[in-house]
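Structure at a glance
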Amino acid sequence: MINTMLTISLVLLSITIVISVLRIILGPSLPDRVLALDVIGVNLIASIAVISVLMNTKAFLEVILILGILSFIGTIAYSKYILRGIVVERKRDR
Amino acid sequence: MNVNAIGEFVGAFLILIGSIMSVVSAFGLIRLPDVYTRSHAATKSSTLAVLLTLLGAFVYFWTTAHFISVRLLLGIVFVFLTAPVAGHLLVRSAYRSKVKLADISGTDDLQDVLHQEEKNS
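Residues numbered from 1 in each chain as written. Chains lettered and ligands numbered in written order. Predicted model: local features only at pLDDT ≥ 70, side-chain atom pairs only at ≥ 80, totals over all residues. Heavy atoms only, no water.

You'll find chain B entered in an unreviewed UniProt entry as Multiple resistance and pH homeostasis protein G, with Sporosarcina pasteurii given as the organism. For chain B, the Subcellular location (unreviewed entry) comment in UniProt is given as "Membrane". Note on chain B: under the UniProt heading Sequence similarities (unreviewed entry), the record states "Belongs to the CPA3 antiporters (TC 2.A.63) subunit G family." (UniProt positions renumbered as here; feature names shortened; annotations may be inferred.)

Per an unreviewed UniProt entry, chain A is named Sodium-cholate efflux protein MrpF, and its organism is Sporosarcina pasteurii. The UniProt entry for chain A carries this comment under Subcellular location (unreviewed entry): "Cell membrane". What the UniProt record of chain A gives under Sequence similarities (unreviewed entry) is the line "Belongs to the CPA3 antiporters (TC 2.A.63) subunit F family."

Time to look at the packing of aromatic side chains. The relative placement of two aromatic rings is captured by the distance of their centres and the angle of their planes. All told, the structure shown has 5 aromatic pairs over all chains when counted by the stated rule. Relative to phenylalanine 78 of chain B, the ring of phenylalanine 72 of chain A lies with its centre 6.3 Å away and its plane at 85 degrees, an arrangement referred to as edge-to-face. Note that phenylalanine 72 of chain A is positioned in helix α3 (residues 61–84) and phenylalanine 78 of chain B in helix α3 (residues 70–96), a pairing that runs across two chains. Judged by relative accessible area, phenylalanine 78 of chain B falls into the partly exposed class, the value being 25%. Positioned above the aromatic ring of phenylalanine 67 of chain B is the side chain of lysine 58 of chain A, whose terminal nitrogen or guanidinium carbon lies 4.3 Å from the ring centre. (Phe/Tyr/Trp six-rings, centres within 6.5 Å; stacked < 30°, edge-to-face > 60°. Helix = DSSP H or I, 4+ residues; strand = E, 2+ residues; numbered from the N terminus. Buried < 20%, exposed > 50% of the residue type's maximum accessible area, 1.4 Å probe, protein only. Lys NZ or Arg CZ within 6 Å of the ring centre and 35° of its normal.)

Evaluated as defined, the whole model comprises 2 salt bridges over all chains. A salt bridge links aspartate 32 of chain A to arginine 38 of chain B, with the nearest nitrogen and oxygen atoms 2.5 Å apart. Here arginine 38 of chain B lies in helix α2 (residues 35–65) and aspartate 32 of chain A lies in helix α2 (residues 30–54), a pairing that spans two chains. (Salt bridge = Lys/Arg side-chain N within 4 Å of Asp/Glu carboxyl O.)

The next point concerns unusual backbone geometry. Residue and element names in this part refer to chain A. Even without a glycine there, the phi angle at asparagine 56 is positive, about 60 degrees. Note that asparagine 56 resides in the loop between α2 and α3. The class for asparagine 56 is exposed, based on a relative accessible area of 52%.

Looking now at α2 of chain A. Count 3.6 residues to each turn of an α-helix, and residues three or four apart come out pointing the same way. All names here are of chain A. In a regular helix each residue adds 1.5 Å, so 25 residues correspond to 36 Å; α2 covers 36 Å between its end C-alpha atoms and thus fits that length. Of all 25 residues in α2, 19 are buried, a share of seventy percent or more. Looking one or two residues beyond α2, the residue adopting positive phi is asparagine 56, at roughly 60 degrees. (Expected span 1.5 Å × (residues − 1).)

Quick look at the structure:
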């Protein structure tokens, strides 16, 4: 029963990821696509937690931290790119 | 039914509730009309979904293996801090780069403050 509940939640999380990919494909503007990518990152974190419970191991728990940091940095970089048109700004020496 | 079975059931139930919340946020992401309302669906309910799922995994490992996972707690704190900040920054840059609102939206008070010069000229 525990296994069926965990499998059902994995299926629901992958349905969410498929719908977000659909929004990436047909999103009208660039912030729509970046928002859907953020949703995909968050759902990958959740599905890695579910997989780690399902396989009854503790080895995957570092992946949660790494994916959270990467998703946050990616969204920040994209929003700065949308706002300024450039990601890395260099200071000119005067 | 001893403590281990109850803990397993509570963990799996929290994970199931979290994934159902995630599907609800995905429906909001595909059904709402423009990027501002979509960010409402994608930020709030998706954060609640991942918090419930990580809490379920934490309860599961705590009751079955007697293992208090500091990494899962750090993940909960980090997602809870960073997901609203990322959503706010993304919607701010979307408004400042003049992404249009939906047709059914009524008032836009920030237009007079930010984009006034394009309207006058």
